[in-house]
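# Structural features, examined
Chain by chain, the residues:
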Amino acid sequence: MMKKIAVLVSVVLVLLIFTTVFPGNNYSNFSNSYSTNTTASRTATFEGCGLPYSDNFTVHIDGKNYFSIGGNLTIAGLSPENYNYTISVPPLYSSNITSGNINLTLHNQVVKFTVFPASSQVGYLMAISIIATVLILLVFTYVYARRKNQ
């Protein structure tokens, strides 16, 4: 009985480690579109790859914040000019692009960026998971050996 519980706990911990370290690729197919209603307008699209469906990013452009749904954000109706932007991702993530400049004078633009778990968070979570797994296995081994000797 105790061995079955130890195996079950070990399996659950391994699954927990993998879901924490590798959050998945459940990207959203939805897009959040915003329009500023100008006559000669352009569109800026931001595509974040690697962000789980349940998490969103924010783009700050032209003094406004725009919020994504999943991995996509389209801002329509922008004037044909240059814009500076910043991208904010959830706290436990990092992005290969956090800010930049887009030129909408000639045509629409697409900004593609990659989101990944923050390396310090991954290391920290992995270390805690490994330590917890080893401690649990040691406790079960101790209890099993003690019962076997009785």
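Residues numbered from 1 in each chain as written. Predicted model: local features only at pLDDT ≥ 70, side-chain atom pairs only at ≥ 80, totals over all residues. Heavy atoms only, no water.

### Comments concerning the pattern of salt bridges
In total, this model carries 1 salt bridge according to the counting rule given. A salt bridge links Lys112 to Glu47; its shortest N-O distance comes to 3.9 Å. Within this pair, whereas Lys112 is found in strand E9 (residues 109–117), its partner Glu47 is found in strand E2 (residues 42–49), the two being separated by 65 residues in sequence. (Salt bridge = Lys/Arg side-chain N within 4 Å of Asp/Glu carboxyl O. Helix = DSSP H or I, 4+ residues; strand = E, 2+ residues; numbered from the N terminus.)

### So, the sheet that holds strand E3 (residues 58–61)
To summarise the sheet geometry, strands pair through backbone hydrogen bonds and adopt either a parallel or an antiparallel arrangement. The strand order across the open sheet formed by 4 strands is E4-E3-E6-E8, and the pairing between neighbours is antiparallel. Two strands lie at the open edges of the sheet, namely strand E4 (64–67) and strand E8 (99–103), each paired on one side alone. Put simply, the sheet's adjacent strands are angled 30° from each other on average, direction ignored. (Pairing = 2+ DSSP bridges. Axes fitted to C-alpha atoms, helices over the stretch in contact; angles between N-to-C directions.)

### Observations regarding the environment of Tyr93
With respect to the helices, strands and loops of the structure, Tyr93 is situated in strand E7 (residues 93–95). Sequence spacing of Tyr93 and Val115 is 22 residues, and the spatial spacing of their C-alpha atoms is 6.5 Å. Engagement of the side chain of Tyr93 in a polar contact is seen with the side chain of Asp55, the distance being 3.3 Å. (Polar contact = N/O pair within 3.5 Å; in protein donor to acceptor, adjacent residues only side chain to side chain.)

### Brief notes about the nonpolar core
Soluble globular proteins tend to pack their nonpolar side chains together in the buried interior. Judged by nonpolar contacts, the single largest core of 19 residues is most densely connected at Phe46, Phe57, Val59, Ile61, Ile75, Tyr85 and Ile102. For this core, the elements supplying multiple residues, two or more each, are E2, E3, strand E5 (72–78), strand E6 (82–88) and E9. (Core = buried A, V, L, I, M, F, W, Y, C linked by side-chain atoms within 4.5 Å. Buried < 20%, exposed > 50% of the residue type's maximum accessible area, 1.4 Å probe, protein only.)

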